[in-house]
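So you can see what is in the structure, the chains are spelled out below.
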Amino acid sequence: MNQTNNFMPFLTFHGNAEEAMKFYAATLPGAKIESIVYFGDGDRGDVGKVMNGKLSFMGQTIMFMDMNAEYECPSFSWTTSFYLNCKDESEFDIIFDGLAKDGVVMMKEEPFLQFRKVAWVTDKFGVTWQPVLE
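Residues numbered from 1 in each chain as written. Predicted model: local features only at pLDDT ≥ 70, side-chain atom pairs only at ≥ 80, totals over all residues. Heavy atoms only, no water.

### Topic: the sheet that holds strand β2 (residues 32-38)
Line of reasoning, step 1. With mixed pairing, the four strands of this open sheet are ordered in space as β1-β4-β3-β2. Whereas interior strands pair on both sides, the edge strands pair on one side only; in this sheet they are β1 (10-13) and β2. This sheet shows a mean twist of 20° between the axes of neighbouring strands, independent of strand direction.
Line of reasoning, step 2. Across five bridges, strand β3 (residues 50-57) lies against strand β4 (residues 60-66) in antiparallel orientation. From the neighbouring strand, F57 faces β4, where its bridge partner is Q60. (Pairing = 2+ DSSP bridges. Helix = DSSP H or I, 4+ residues; strand = E, 2+ residues; numbered from the N terminus. Axes fitted to C-alpha atoms, helices over the stretch in contact; angles between N-to-C directions.)

### Considering a nonpolar patch on the surface
Line of reasoning, step 1. A grouping of W78, V104 and M106 is seen on the molecular surface, where their side chains present a nonpolar patch of about 300 Å² in accessible area.
Line of reasoning, step 2. Residue classification places M106 among the partly exposed positions, given a relative accessible area of 34%. (Patch = residues over 30% accessible without salt bridge, like charges linked within 9 Å, V, L, I, M, F, W, Y side chains within 5 Å. Areas by Shrake-Rupley, 256 points an atom, 1.4 Å probe, with all protein chains shown as cover. Salt bridge = Lys/Arg side-chain N within 4 Å of Asp/Glu carboxyl O. Buried < 20%, exposed > 50% of the residue type's maximum accessible area, 1.4 Å probe, protein only.)

### Considering helix α1 (residues 17-27)
Line of reasoning, step 1. Every buried residue belonging to α1 is among A17, A20, M21, F23, Y24 and T27, and all of these are buried. Each buried residue of α1 lies within a common arc of 160° when the element is viewed along its axis, so the set occupies one face.
Line of reasoning, step 2. Of the surrounding elements, those touching the buried residues of α1 are β1, β2, β3, β4, α2 (89-100) and β8 (128-133). (Arc of directions from axis to C-beta. Contact = heavy atoms within 4.5 Å.)

### With respect to the packing of aromatic side chains
Line of reasoning, step 1. Using the criterion set out here, one finds eleven aromatic pairs in the structure.
Line of reasoning, step 2. Aromatic side chains W78 and W120 sit 5.6 Å apart centroid to centroid with 85° between the ring planes, which places their arrangement in the edge-to-face category. Remark: W120 occurs in strand β7 (residues 115-122) and W78 occurs in the loop between β4 and β5 (81-85); sequence separation between them is 42 residues.
Line of reasoning, step 3. For W120, a relative accessible area of 25% puts it in the partly exposed group.
Line of reasoning, step 4. Ring-pair connections join several aromatic residues into one group, and the members of that group are F13, F23, Y24, F64, F76, F82, F125 and W129. (Phe/Tyr/Trp six-rings, centres within 6.5 Å; stacked < 30°, edge-to-face > 60°.)

### Let's talk about the pairing of β7
Line of reasoning, step 1. Within β7, six of the eight residues are buried, which leaves it mostly tucked inside the rest of the structure.
Line of reasoning, step 2. Here strand β6 (residues 104-112) folds back onto β7, and the loop between the two strands holds two residues, one of which, L113, carries a positive phi near 50°.
Line of reasoning, step 3. Here β7 pairs with β8 via four bridges, running antiparallel. Looking at β8, one finds that T122 is bridged to T128.
Line of reasoning, step 4. Between β7 and β8, which pair antiparallel one after the other, the connecting turn spans five residues, and G126 there sits at a positive phi close to 95°.

Right, dumping it as structure tokens:
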């Protein structure tokens, strides 16, 4: 039986979706670009930019797209973030260090409540992540 992921994040970029996908695939352990479809002639988007892309990470699919340059695309906000339940300290450190490079650390890794480590970081693309280690 083919399982369908009925709920998935969909990130819209200002023309740099492919760059973001490649960054996440290289930075996040086990992340993999599953597919990229580009806008072509006659499509409702900028030729050569990402019409839709899929990246898998931690059992989740994240969709990507480039907004047509003629339309205003809102920037990402820290009010929405990806919560990442890390399996061990090594995975936490790799994720935190990779996303923090050229990004903004909003909360450096520290113990919080029942968690051994929690952090809050906005990466260089403006996407906010919360790696957590129980």
